[in-house]
Structures are given as C-alpha cells and as structure tokens.
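Residue strings, one per chain:
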Amino acid sequence: YGATSVSVKIGQKNNPSVKTGWFLVTNLSELEVGDKVIIAAKSVDETIDYAIKTYTSSNPSSNPAIEIELQGDSISSVEGVEQFTLESGLADYAGTWAFKCDSQSRYLNVTSGSLKLKSTLAQEGSWTIDIAADGKATLVSKTTNTKTTIMFNDAQAAKTFASYAPTATGKGAIYLYKEYK
C-alpha cells in the first residue's frame, strides 16, 4: 500500500482565530461593542477603494476620503485612515451603534447632512447598521433630518463621505472593516 499525504490550507478567512488585520464585515453578528472598525467605500464604478481619512480637527468641515489598497477582503495598510470604536447607541434607540472617533475621542453625528464629530453621544450619533452578504453596509442615523444615510460621493474632485436621503443615487457603496488582533 502506497503512502498518501494530505495537505490542508487554512486561510484567515475560514479560520477567524488566526485573523490579524482589518477584514471586511459580511454579517452584523461579527460586530460587538468595543470593536475597532473603518468606514470604507468603493467608487461608483467600483474601481477604487476609499476610507474616511484621519480627522485632523475635532470639528471638520467635511469628511475627506483617502484611497486605500485592498488585498482580497482586507485592507493592506491603515495609515492615514480614521479608526472608530463601536459603542452602543443611546438607550432610547435600542439596537443602535455609536462610532467613537479614535483620533479625536468624539462621536460621529449627522448635522444637516454633514457628518460631524460631537463630544457627547446624541440621537444623531445613534446608528442602525445593516450588512448584506457581499459586505455592503447601510448606516442610518436616528436623526430627524431627512439626510440619514452615510454614503460616498466621488463625483467631485474632493471625494467625501456625507449623509444623504436613503433614496439618493449615484453614490459609492459603504463597507465596514473590522480589526482582528
């Protein structure tokens, strides 16, 4: 009888215990309070990937994007990319999340269609998160403003993340990437 060998390749995607780095979230069950995430997007034509650039001010006038490089379903470098720590949204909005900006220690909020940072958690900083199997994320604020949904605008020279009406078209898809240590 001849000898037989079997080799098994275990990759990071099929063995979460060996994941290290920033990986695409494809199911809401992957997220927990305390996780670090990056809000990213694809250009409308899906040829270029972006993320929210690190905030240099606690009161930015816009949310500029920085181009990122993907390797499969992970981000190869997060230099210059804003990282957020997930927290629970306000108790009045059960099941919501808050994005606490790591560089400024403030919460991501919607103010008249703009994404702003605030020192305290508010209704506008409580977000529902839905994630499709392909990783496309829908982030909707509990704001009373009509512009509730984070989207990516690459139609102008300065690529930006902002909030739009949920029915807005021509915007790049949003994705969340979670840090695994």
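Our subject is the structure that appears above.
Residues numbered from 1 in each chain as written. Predicted model: local features only at pLDDT ≥ 70, side-chain atom pairs only at ≥ 80, totals over all residues. Heavy atoms only, no water.

1. Side note on the overall build of the protein
Link 1 in the chain: In terms of regular secondary structure, the protein is built from zero helices and 15 strands.
Link 2 in the chain: If you line up the protein on its principal axes, its C-alpha atoms span 75 × 40 × 30 Å.
Link 3 in the chain: Across the 181 residues of the protein, 42% fall into the buried class.
Link 4 in the chain: Contacts in the protein between residues far apart in sequence, at least 24 positions, make up 54% of those at least 6 positions apart.
Link 5 in the chain: Summed over all atoms, the accessible surface of the protein reaches about 9400 Å², with 48% contributed by carbon and sulfur.
Link 6 in the chain: Mean positive and mean negative side-chain charge positions of the protein (17 and 19 charges, respectively) differ by 3 Å. (Helix = DSSP H or I, 4+ residues; strand = E, 2+ residues; numbered from the N terminus. Buried < 20%, exposed > 50% of the residue type's maximum accessible area, 1.4 Å probe, protein only. Contact = heavy atoms within 4.5 Å. Areas by Shrake-Rupley, 256 points an atom, 1.4 Å probe, with all protein chains shown as cover. Lys, Arg positive; Asp, Glu negative; His and termini not counted. Charge placed at Lys NZ, Arg CZ, Asp CG, Glu CD.)

2. Quick look at the side chain of E82
Link 1 in the chain: With respect to the helices, strands and loops of the structure, E82 is situated in the loop between strand 6 (74–75) and strand 7 (84–88).
Link 2 in the chain: Among buried Asp, Glu, Lys and Arg side chains, E82 stands out as unpaired, with K36 the closest opposite charge at 8.5 Å.
Link 3 in the chain: At 2.9 Å, the side chain of E82 and the backbone nitrogen of Y55 are in polar contact.
Link 4 in the chain: Within the structure, the side chain of E82 is placed 3.5 Å from the backbone nitrogen of D102, a separation counted as a polar contact.
Link 5 in the chain: Not counting residues within four places of it along the chain, the set of residues in contact with E82 comprises V37, I38, I52, K53, T54, Y55, C101, D102 and S103. (Salt bridge = Lys/Arg side-chain N within 4 Å of Asp/Glu carboxyl O. Polar contact = N/O pair within 3.5 Å; in protein donor to acceptor, adjacent residues only side chain to side chain.)

3. Brief notes about the pairing of strand 7
Link 1 in the chain: Of the pairings in the sheet, the one linking strand 2 (residues 36–42) to strand 7 comprises two bridges and is antiparallel in character. Along strand 7, the bridge assignment pairs K36 with T85.
Link 2 in the chain: Strand direction decides the pairing type here: strand 7 and strand 8 (residues 97–101), joined by five bridges, are antiparallel. Bridging across to strand 8, F84 finds its partner in C101. (Pairing = 2+ DSSP bridges.)

4. Some remarks on the packing of aromatic side chains
Link 1 in the chain: Scanning all chains against the criterion turns up five aromatic pairs.
Link 2 in the chain: Geometrically, the ring pair formed by F84 and F99 is edge-to-face, given 6.0 Å between the ring centres and 85° between the ring planes. Of this pair, F84 sits in strand 7 while F99 sits in strand 8; the two residues are 15 residues apart in sequence, bridging distant segments of the chain. Each of the two residues, F84 as well as F99, counts as buried.
Link 3 in the chain: Ring geometry for F99 against W127: centres 6.3 Å apart, planes inclined by 75°, an arrangement best described as edge-to-face. Of this pair, F99 sits in strand 8 while W127 is found in strand 11 (residues 127–131), placing the two residues 28 residues apart along the sequence. We note that F99, like W127, is buried.
Link 4 in the chain: An aromatic cluster is present here, built from Y50, F152 and F161 joined pairwise through their rings.
Link 5 in the chain: Cation over ring: K19 sits above Y180, and NZ or CZ is 4.5 Å from the ring centre. (Phe/Tyr/Trp six-rings, centres within 6.5 Å; stacked < 30°, edge-to-face > 60°. Lys NZ or Arg CZ within 6 Å of the ring centre and 35° of its normal.)

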